[in-house]
Amino acid sequence: MTVQNRKALIIGCGIAGPVVAMFLQQAGIEAEIYEARNEPADHAGSFLNMACNGLNVLKPLKLEDLISRQGSPIPRMIMWNGQGKRLGEVHNGARAEVGAPSVVIKRATLQKALREEAMRQGIKITFGKKLQDLQPDKQGVVATFTDGSTASGDFLIGCDGVHSRTSRIINPNAATPQYIGLISTGGFAQRSTFSPTPDTQHFIFGKRAFFGYHVGSASEIYWFVNFPQKAAPARGDIEMIESDKWQERMLDLFSDDLPLISDIIRATDSKIIGYPIYDIFTQPIWHRGPVVLIGDAIHAVSPNAGQGASLAMEDAIVLAKCLRDIPDLTQAFATYEHLRRARVERMVQYARRLGQGKIMTNPVQVWFRDQMMPFFLKYAANPKTLDWGYAYKVDWDEPVQATLPSRQPSLSR
């Protein structure tokens, strides 16, 4: 069977799913996307950092400008303590040679833009299809969904997130997501009375929590909070908390910090959401038989690094290139893993370190941080030092050479 006659089943229509589907289509491989949700979540969720390395991935799809326009540029990040002392500045992929500046964008806006472009290109997307099981067949793989329906393809790509069902099927002993001890909340306000913070996102180390915000050119506010909680909440419990309760809690957390923080929280007119922060260092098994994983399903990165969406897009283009250029699936999947594993493991570790430094309550630690952070940012977080993350680029037109495949068991269990 030629590459052009192959058909891919894609599980998950978040960010990675539509991107890998569009790249596969460019490679001449048919793709169908199956999403567990019954309908698109176009008005839910918070926002994220779309780093310049993620935007670079979208260039071959001619989507970089579209996504940049729907977000707000944030090429620089300024750090403050809770009393308003400036601690330093970090460049968020700001160097011209790296690419377009990183942007802050609502997750739902990004997902909608990618999904609609995939549909415009003729890619089939079916909602209400929650994966139940996978079985091999003569063609490749059969996916069974909880509603009893099935779908067949030559191979399947699991893009179904940090609690991936696909990962559990191909590896029942897969690593579970690790709670990193932080809860994140966030909100959005449209047409606020706050002055824009052009090209800048601000981060404030409060006494009891960490606050980040950006005011776009149209005076829309994006904000988030990270606060410590030792035990992870049970799945589903945190979603039951109403916006007014979140607002009360956030106002209490920042009652001793800059009044601006409380003013922004009070101005919020969107639903305030909360979620525990997890990561996965990487799963030991990236692929089995005709099934392969990408994005959070294989290496969940905490949002501390602002790289989760960008890494998922990088996975998508690299995997599509491997499938385009390497006829043997096992070799294609092994090459994809070889090209990606070291980078994503480094990013997960980097994000963990950033999270550990967000919350300090000991006065001695706080004093030491405020004194040393300007020097640390100057020498350890300057643009060239961070190029390993932001300057990563994938040339879509450059052929991929196969690496020797690792021995992988078949899908049969």
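Cut-offs used in this document
Residues numbered from 1 in each chain as written. Predicted model: local features only at pLDDT ≥ 70, side-chain atom pairs only at ≥ 80, totals over all residues. Heavy atoms only, no water. Buried < 20%, exposed > 50% of the residue type's maximum accessible area, 1.4 Å probe, protein only. Helix = DSSP H or I, 4+ residues; strand = E, 2+ residues; numbered from the N terminus. Pairing = 2+ DSSP bridges. Expected span 1.5 Å × (residues − 1). Contact = heavy atoms within 4.5 Å. Polar contact = N/O pair within 3.5 Å; in protein donor to acceptor, adjacent residues only side chain to side chain. Arc of directions from axis to C-beta.

(A) Summary view of the pairing of strand S17 (residues 273-279). Counting buried positions over the 7 residues of S17 gives 6, a clear majority of the element. Of the pairings in the sheet, the one linking strand S13 (residues 178-189) to S17 comprises 6 bridges and is antiparallel in character. Directly across from glycine 186, in S17, lies its bridge partner isoleucine 273.

(B) Geometry of helix H4 (residues 107-120). With 14 residues, H4 ought to run about 20 Å at 1.5 Å a step, and its terminal C-alpha atoms sit 20 Å apart, in line with that. For H4, the set of buried residues is Ala108, Leu110, Gln111, Ala113, Leu114, Arg115, Glu117 and Ala118. For H4, the secondary structure elements touched by its buried residues are helix H1 (16-26), strand S3 (47-50), helix H3 (64-70), strand S7 (103-106), strand S8 (124-126) and helix H9 (308-325).

(C) View of the side chain of serine 302. Take serine 302: it is sitting in the loop between helix H8 (296-299) and H9. Take serine 302: its relative accessible area is 0%, and that puts it in the buried class. Among the polar contacts made by the side chain of serine 302, one reaches the side chain of asparagine 304 at a distance of 2.8 Å. Not counting the four nearest positions on each side in its chain, serine 302 is found in contact with Ile180, Ile277, Tyr278, Asp279, Ala351 and Arg352.

(D) Layout of the sheet that holds strand S4 (residues 72-73). Ordered in space as S3-S7-S4, the 3 strands form an open sheet in which the pairing is antiparallel. Two strands close off the open sheet at either side, each with one partner strand: S3 and S4. When S4 meets S7, the two strands line up antiparallel, connected through 2 bridges. Each residue of the ladder has a partner; that of serine 72, found in S7, is valine 104.

(E) Focus on helix H6 (residues 243-253). Among the residues of H6, those classed as buried are Ser243, Trp246, Met250 and Leu253. For H6, the arc enclosing every buried residue in end-on projection is 85°, short of the 170-degree limit, so these residues lie on one face. On its buried face, H6 sits against S13, strand S16 (221-228), helix H7 (259-266) and S17.

Everything listed here is a matter of geometry and, on its own, says nothing about what the molecule does.
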